[in-house]
Amino acid sequence: MYKRTTDRVIKQINPQIFIEKAVRVENNKLYAGVRKYELDGNVSVIAFGKAALAMYAPIKRDLGIHLKRSFLSIPESSPVTMTTNDNSMETIVHAARNNLPDDATVKITRDIVKYAESLTEQDLCICLISGGGSALLCDPVVPLSDLVKTINILTSHSATIQQVI
């Protein structure tokens, strides 16, 4: 009984299954909860965090031709378990070694911000955010090395993630 309950709970919190239940595509329309969006090759995705790939997979599968551009920032240790497009419309960056922001984090963050600023009212941008996101999307106003030193000092003194961010 314990195993069945555990399996059921794990299935319910699986990020891919969660997205599949929350979002559906029918007749060139995207349904997310009670909202409906017209699709016309106008969808961009920004995903970051440990579950970014799992959340992105059903979006990529269901939106296919409507995807205009996708950015994913995932932990350096994440295996890429999906086929990526052979074009430059999909960017998957492995960043945040040891769960700390790094140069790759800053670069993709700046690329995402620049791209997001170019979107218009006709565009639909889906943001998928999961745990670890604060290390995977970061553009500090202080030198990156100072930020990392500060994070290390705080965490070595048992600071919680809420206290760090």
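Going by the structure above, here's the rest.
Residues numbered from 1 in each chain as written. Predicted model: local features only at pLDDT ≥ 70, side-chain atom pairs only at ≥ 80, totals over all residues. Heavy atoms only, no water.

A. Geometry of the environment of histidine 66. Here histidine 66 is to be found in the loop between helix H3 (52-63) and strand E5 (67-75). For histidine 66, a relative accessible area of 8% gives the class buried. For the pair formed by histidine 66 and valine 43, sequence separation is 23 residues and the distance between their alpha carbons is 5.8 Å. Those residues in contact with histidine 66 that sit more than four places away from it in its chain are Asn28, Leu39, Asp40, Gly41, Asn42 and Val43. One polar contact links the side chain of histidine 66 to the main-chain amide nitrogen of glycine 41, over a distance of 3.2 Å. (Helix = DSSP H or I, 4+ residues; strand = E, 2+ residues; numbered from the N terminus. Buried < 20%, exposed > 50% of the residue type's maximum accessible area, 1.4 Å probe, protein only. Contact = heavy atoms within 4.5 Å. Polar contact = N/O pair within 3.5 Å; in protein donor to acceptor, adjacent residues only side chain to side chain.)

B. Looking closely at helix H4 (residues 103-118). Taking 1.5 Å of rise per residue, the 16 residues of H4 would be expected to cover 22 Å, and the 23 Å separating its terminal C-alpha atoms lies within 8% of that figure. Of all the residues in H4, the buried ones are Thr105, Val106, Ile108, Thr109, Ile112 and Tyr115. Buried residues belonging to H4 abut strand E4 (43-48), E5, strand E6 (90-95), helix H5 (133-136) and helix H6 (144-156). (Expected span 1.5 Å × (residues − 1).)

C. Quick look at the side chain of serine 70. Counting through the fold element by element, serine 70 comes out in strand E5. By relative accessible area, serine 70 is classed as buried at 2%. Discounting chain neighbours no more than four positions away, the residues touching serine 70 are Val45, Tyr56, Met89, Glu90 and Thr91.

D. Region of the structure containing the side chain of threonine 105. Checked against the element boundaries, threonine 105 lands in helix H4. Of the polar contacts made by the side chain of threonine 105, one reaches the side chain of aspartate 102; its length is 2.9 Å. Reaching out from threonine 105, the side chain makes a polar contact with the backbone oxygen of alanine 135 at a distance of 3.1 Å. Contacts of threonine 105, omitting those with residues within four sequence positions, involve Ala95, Ala96, Ala135, Leu136, Leu137 and Cys138.

E. Representation of the sheet that holds strand E7 (residues 124-129). Pairing is parallel in the open sheet, where 4 strands are placed in the order E6-E5-E4-E7. Pairing within the sheet leaves two strands with one partner each, and these edge strands are E6 and E7. Mean inter-strand twist for the sheet, computed between neighbouring axes without regard to direction, equals 10°. Note: E5 against E6, 6 bridges, orientation parallel. Within E6, the position partnered with serine 73 by the bridge is valine 93. H3 contacts E4, E5, E6 and E7 of the sheet and is inclined by roughly 165° relative to E5. Docked against the sheet, H4 engages E4, E5 and E6, running at close to 155° with respect to E5. (Pairing = 2+ DSSP bridges. Axes fitted to C-alpha atoms, helices over the stretch in contact; angles between N-to-C directions.)

F. Representation of the nonpolar core within the structure. Membership of the largest hydrophobic core comes to 19 residues, with the highest contact counts inside it found for Leu30, Val43, Val45, Ile59, Leu63, Ile126 and Leu128. Those elements that provide at least two residues to this core are E4, H3, E5 and E7. Contacts of valine 45, omitting those with residues within four sequence positions, involve Tyr56, Ile59, Leu67, Arg69, Ser70, Phe71, Ile126 and Leu128. The next biggest cluster of nonpolar side chains, apart from the first, holds 11 residues, and it includes Ile46, Phe48, Phe71 and Ala135. (Core = buried A, V, L, I, M, F, W, Y, C linked by side-chain atoms within 4.5 Å.)

G. Spatial organisation of unusual backbone geometry. The backbone of asparagine 28 shows a phi angle near 60°, a positive value even though the residue is not glycine. The partly exposed category is assigned to asparagine 28, whose relative accessible area is 44%. For serine 158, which is not a glycine, the phi torsion comes out positive at approximately 65°. When you line up the elements, serine 158 lands in the loop between H6 and helix H7 (161-164).

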